[in-house]
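Inside the fold
Take a look at the letters that make up each chain.
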Amino acid sequence: MSMQRTTNLTEGSVSKGMLLFALPIFISNLFQQLYNAADSLIVGNFLGGEALAAVGSSGSLIFLLTGFVNGVSLGAGVVVARYFGAKDWKRLHSTIHTTVALGLAAGAVLTVVGVLLTPQILRWMGTPENVLVNSVAYFRTYFFGSIAVVMYNVGASILQSVGDSRSPMRYLIAASIINIVLDIVLVGGMRMGVGAAAFATIASQSVSAVLAFAKLMRSQEPWAVHWKEVRFDAPSLQAVIKQGLPSGVQNSVISLANVIVQSNINSFGANAMAGCGAYAKVEGFAFLPVTCFSMALATFVSQNVGAGKPDRVRKGMRFGVLCSILLAEIVGVSIYLLCPQLVGAFSSEAEVIAFGVRQARTASLFFCLLAFSHCCAGILRGLGRPLVPMMIMLAVWCALRIAYLTVTLHFIRDIGVIFWAYPLTWSISSALFAWYILHCPIPVLGGGAPQYK
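Okay, so let's go over this structure. Given the structure is predicted, the values throughout are model-derived calculations rather than measurements.

Some thoughts on the overall build of the chain
Helix and strand content of the chain: 16 helices and zero strands. For a compact globule of 453 residues, the expected C-alpha radius of gyration is about 22 Å, and the chain comes in at 21 Å, within 12% of that figure. Overall, the C-alpha framework of the chain stretches about 60 × 45 × 35 Å when taken along its three principal axes. Counting only carbon and sulfur atoms, one obtains 68% of the accessible surface of the chain, whose full area is about 17300 Å².

Quick word on helix α12 (residues 310–344)
For α12, which comprises 35 residues, the first-to-last C-alpha distance of 48 Å matches the rise-based estimate of 51 Å (1.5 Å per residue) to within 8%. Along α12, the helix axis deviates most sharply at leucine 338, where the bend reaches about 80°; the proline proline 340 sits within four residues downstream.

Side note on the pattern of salt bridges
Inspection of every chain in the model, using the stated rule, returns three salt bridges. For aspartate 88, the salt bridge identified is with arginine 91, shortest N-O distance 2.7 Å. Relative accessible area serves as the criterion here: at 14%, aspartate 88 is assigned to the buried category. A relative accessible area of 27% means that arginine 91 is categorised as partly exposed. Note that arginine 314 is salt-bridged to aspartate 311, the shortest N-O span being 3.1 Å. Of this pair, arginine 314 and aspartate 311 both sit in helix α12, three residues apart, roughly one helical turn.

Describing the packing of helix α10 (residues 270–283) against helix α13 (residues 350–363)
The geometry of α10 relative to α13 is characterised by a closest axis approach of 7 Å and an angle of 50° between their N-to-C directions. Overall, the two elements α10 and α13 adopt an arrangement that is oblique. For α10 against α13, the interelement crossing comes out right-handed. Here α10 contributes Asn271, Ala272, Ala274, Gly275, Cys276 and Tyr279 to the contact with α13, which in turn contributes Glu351, Val352, Phe355, Gly356, Gln359, Ala360 and Ala363. When the residues that make up the contact of α10 with α13 are grouped by side-chain class, the tally is eight nonpolar, four polar and one charged.

Examining a nonpolar patch on the surface
A cluster of nonpolar side chains, Ile177, Val181, Ile184, Val185, Met190 and Met192, forms an exposed patch at the surface whose accessible area comes to about 570 Å². Tracing the sequence through the fold places methionine 192 in the loop between α7 (166–189) and α8 (194–218).

Examining the packing of aromatic side chains
To describe a pair of aromatic rings, you give the distance between the ring centres and the angle between the ring planes. Evaluation of the coordinates by the stated rule reveals eight aromatic pairs. Pairing phenylalanine 366 with tryptophan 420 gives two aromatic rings, centres 5.8 Å apart and planes at 70°, and the pair type is edge-to-face. Taken together, the residues phenylalanine 366 in the loop between α13 and α14 (367–382) and tryptophan 420 in helix α16 (residues 415–438) connect sequence positions 54 residues apart. Phenylalanine 366 gets classed as partly exposed once you look at its relative accessible area, which sits at 26%.

Quick notes on unusual backbone geometry
Phi is positive for lysine 87, which is not a glycine, with a value near 55°. By secondary structure assignment, the location of lysine 87 is in the loop between α3 (58–86) and α4 (89–124).

Quick notes on α13
The end-to-end C-alpha separation of α13 is 20 Å, in line with the 20 Å expected for 14 residues at 1.5 Å each. Taken residue by residue, α13 has Val352, Ile353, Phe355, Gly356, Val357, Gln359, Ala360, Thr362 and Ala363 as its buried positions. Buried residues along α13 sit against α10, α12, α14 and α16.

Structural notes on the environment of glycine 126
Summarising the element assignment, glycine 126 is placed in the loop between α4 and α5 (129–144). Accessibility expressed as a relative area gives 40% for glycine 126, which makes it partly exposed. For glycine 126 and arginine 91, which are 35 residues apart along the polypeptide, the C-alpha to C-alpha distance reads 47 Å.

A few points about the environment of valine 100
Here valine 100 is to be found in helix α4. Each C-alpha atom of the pair valine 100 and valine 357 lies 42 Å from the other, and the pair is 257 residues apart in sequence. Beyond its immediate sequence surroundings of up to four residues, valine 100 is in contact with Met151, Val154, Ile158, Phe213, Val225, Trp227 and Val230.

Focus on the side chain of serine 28
Considering the arrangement of structural elements, one finds serine 28 in helix α1 (residues 14–47). Here methionine 169 takes part through its backbone nitrogen, which lies 3.2 Å from a polar atom of the side chain of serine 28.

Quick word on the environment of alanine 212
Mapped onto the elements of the fold, alanine 212 is located in helix α8. Taking the C-alpha atoms as reference, alanine 212 lies 6.7 Å from tyrosine 152; in sequence the two are 60 residues apart. When neighbours within four sequence positions are excluded, alanine 212 is seen to be in contact with Tyr152, Gly155, Leu159 and Tyr171.

Thresholds applied
Residues numbered from 1 in each chain as written. Predicted model: local features only at pLDDT ≥ 70, side-chain atom pairs only at ≥ 80, totals over all residues. Heavy atoms only, no water. Helix = DSSP H or I, 4+ residues; strand = E, 2+ residues; numbered from the N terminus. Rg over C-alpha atoms; globule rule 2.2 N^0.38 Å. Areas by Shrake-Rupley, 256 points an atom, 1.4 Å probe, with all protein chains shown as cover. Expected span 1.5 Å × (residues − 1). Bend = angle between axes of the 7 residues up to and from the residue. Salt bridge = Lys/Arg side-chain N within 4 Å of Asp/Glu carboxyl O. Buried < 20%, exposed > 50% of the residue type's maximum accessible area, 1.4 Å probe, protein only. Axes fitted to C-alpha atoms, helices over the stretch in contact; angles between N-to-C directions. Parallel < 35°, antiparallel > 145°, perpendicular 65-115°, else oblique. Left-handed = near helix turned anticlockwise from the far one by under 90°. Contact = heavy atoms within 4.5 Å. Nonpolar A, V, L, I, M, F, W, Y, C, P; charged D, E, K, R; others polar. Patch = residues over 30% accessible without salt bridge, like charges linked within 9 Å, V, L, I, M, F, W, Y side chains within 5 Å. Phe/Tyr/Trp six-rings, centres within 6.5 Å; stacked < 30°, edge-to-face > 60°. Polar contact = N/O pair within 3.5 Å; in protein donor to acceptor, adjacent residues only side chain to side chain.

Right under this line is the structure:
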């Protein structure tokens, strides 16, 4: 079998292999963050603070509705990586086609649910009336094209699971350029409103989804996609659900907690929404080393478990976690020092900037803990233990975070209470993950693909 354009993570230098695999994911996420930030930059500077509030507060609601599907896609990618490492081409083939079928079905459901429920969810979040119209326009336009977002994630997950992280990088670079050009033309030039910003996002995601599946359809490798064979295979679906369902539930419930956090921010008014939304775009850059290494670790660990190489698993775990926390902290310190200028790029209003700077200087120095927790979650998914990160994150990032906000805000009505919710829960989850990882055995499989029962 030709392995062109892929990185074989079961052979060669651990550090070199992981860096070669993780770097394109980092660049992909960088460009994705750039075009997400472009929406807010262009909207904030051309359409004003209320429009920025509508777009800036979008992340938590979008992730609430897409997080489950993306989590399942990540879980399916772990299964694909395991079969790839074990060179079980038959199960690899059936798992990939089942994943594509699941993505199509989930994308259709997401479109209907997102379009129909957007106004009600925004009201539940306490979105101010002066922001509501723009928010509904943005979200409904976005969810009309959400199937493209889902299918790109499915295609990219398949490619990355077999060691090809460079192709998704190229597709996201193309999508980023398209998105920014459309933002400039439709919002900056033609002043078409926030709905046009959402249209730019889904149009660019559609291009990246088409490119990803064109690559998979042209491939002569065992992981090629053939549309005539896209169907649900019961054993493959069981494997994907077992691995992906905990990640999907984890994403959805955590994002529900973040929606509750956002609703508390909304109660402080449009300026708080705009300032915190601008900070969220800046904070997204801190997630780049976190995301790239957590994804790289899940794939690396799963491939090497499938290949029966526990020593490589241990080396990869240490290297990936160390790189992620160091890079995340460097970004965090940079944001702490430069946050007035960074937040100020999105809005010139002093109160908006003040909210964003206050949140940045509360959370940014704790990004190393965020990185550690996400990397541990990726490792455990790769080891075939997705229930553990789900339980830790649901207990800490969801239940404890909501309880903390509910009780503390009752006595201290200050937005700083909300900002501290994140460092506090990152600290607790990091301690729990550290304890579990130190006591977690590495399965020795190899000799063919594992059975998911």
